[in-house]
Amino acid sequence: MAETEREPPKMAEPTQNAETSAPQKPTESSPDSRRQFVLRATQTLVHACQCKDRDCSLEGCQQMRNNLTHSKSCARKSTGDCPVCKHLIALCCYHAKHCHLKATECRVPLCGQLKQKLEQQRKLHQAEAPSQRTKTD
Ligand SMILES: [Zn+2]
Ligand SMILES: [Zn+2]
Ligand SMILES: [Zn+2]
């Protein structure tokens, strides 16, 4: 399966305002690499939540811990304005979906809450569509 066919080069648009044109980013937006990215970020999150090593050399650990510390005292967290917290919460959500630990065992913030929410949604979903169990004995 060799991808020999390429898209024909697009017609260059008239570049009147070259200054405002965004720089071309490398195309790394394939869903797979994005998934890998998120997966690794969640792993870093889980690690950072229990990492106490000041000189931890794991890539992203220090940054993640900074973010965690930040979100604890962020005033904009609940309003959804803060990009740092937004990103963090998104990661927590992703993690919670795959986390099978008890709320008391998992150190990821919001994990317990998010899991509860997910569970509620699941129950709600089941209640709304009881198509699988229509018969009652
Ligand atoms: Zn670490
Ligand atoms: Zn924040
Ligand atoms: Zn968890």
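Residues numbered from 1 in each chain as written. Chains lettered and ligands numbered in written order. Predicted model: local features only at pLDDT ≥ 70, side-chain atom pairs only at ≥ 80, totals over all residues.

- The name an unreviewed UniProt entry assigns to the protein is histone acetyltransferase, from the organism Batillaria attramentaria.
- The Catalytic activity (unreviewed entry) comment attached to the protein in UniProt states, word for word, "L-lysyl-[protein] + acetyl-CoA = N(6)-acetyl-L-lysyl-[protein] + CoA + H(+)". (UniProt positions renumbered as here; feature names shortened; annotations may be inferred.)

## Things to note about the overall build of the protein
- Within the protein one finds four helices and zero strands.
- Traced from its N-terminal end to its C-terminal end, the protein shows the element sequence α-α-α-α.
- By the burial criterion, 12% of the 137 residues in the protein qualify as buried.
- Sequence-distant contacts in the protein: of pairs separated by 6 or more residues, those separated by 24 or more amount to 22%. (Helix = DSSP H or I, 4+ residues; strand = E, 2+ residues; numbered from the N terminus. Buried ≥ 20, exposed ≤ 12 C-beta atoms within 10 Å, placed from the backbone. Contact = placed C-beta atoms within 7 Å.)

## Some points on unusual backbone geometry
- Within the chain, leucine 110 stands out as a residue other than glycine whose phi angle is a positive 75°.
- Among the residues examined, leucine 110 registers 17 C-beta atoms within 10 Å and is labelled partly exposed.

## Remarks on the environment of arginine 40
- Position of arginine 40 relative to the elements: it lies in helix α1 (residues 31–50).
- The spatial distance from the C-alpha of arginine 40 to the C-alpha of glycine 60 is 9.6 Å, given a sequence separation of 20 residues.

## Considering helix α3 (residues 83–98)
- Spanning 16 residues, α3 covers 23 Å between terminal C-alpha atoms, matching the ideal 22 Å at 1.5 Å per step.
- Next to the buried residues of α3 lie α1, α2 (61–72) and α4 (111–128). (Expected span 1.5 Å × (residues − 1).)

## Regarding the nonpolar core
- Ranked by size, the top nonpolar core spans twelve residues in total: Leu45, Ala48, Met64, Cys85, Leu88, Leu91, Cys92, Ala96, Cys99, Val108, Cys111 and Leu114.
- When contributions to this core are tallied by element, the ones reaching two or more residues are α1, α3 and α4.
- Among all residues touching cysteine 85, those that are not within four sequence positions of it are Ser71, Cys74, Arg76 and Lys77. (Core = buried A, V, L, I, M, F, W, Y, C linked by C-beta atoms within 7 Å.)

## As for the packing of α1 against α2
- α2 packs onto α1 with a crossing angle of 70° between their chain directions and a minimal axis gap of 9 Å. Relative to α2, α1 is oriented roughly perpendicular. Residue-level inspection shows Thr44, Leu45, His47, Ala48 and Cys49 of α1 in contact with α2, the latter providing Cys61, Met64, Arg65 and Leu68.
- Looking at the contact of α1 with α2, its residues break down into six nonpolar, two polar and one charged. (Axes fitted to C-alpha atoms, helices over the stretch in contact; angles between N-to-C directions. Parallel < 35°, antiparallel > 145°, perpendicular 65-115°, else oblique. Nonpolar A, V, L, I, M, F, W, Y, C, P; charged D, E, K, R; others polar.)

## Some remarks on the environment of glutamate 59
- Structurally, the position occupied by glutamate 59 is in the loop between α1 and α2.
- Residue glutamate 59 is classed as exposed on the basis of its 10 C-beta neighbours within 10 Å.

## Overview of the environment of alanine 103
- Looking at where alanine 103 falls in the secondary structure, it is placed in the loop between α3 and α4.
- For the pair alanine 103 and leucine 114, spaced eleven residues apart in sequence, the C-alpha to C-alpha distance is 9.7 Å.
- Setting aside chain neighbours within four positions, we find alanine 103 in contact with Cys111, Gly112 and Lys115.

## Looking at the packing of α1 against α3
- Direction vectors running N to C along α1 and α3 enclose 90°, while the axes themselves pass 9 Å from each other. Taken together, the axes of α1 and α3 lie roughly perpendicular to each other. Listed contacts from α3 to Val38, Ala41, Thr42, Leu45 and Val46 of α1 are Leu91, Tyr94 and His95.
- Residue composition of the contact of α1 with α3, by class: six nonpolar, two polar and no charged.

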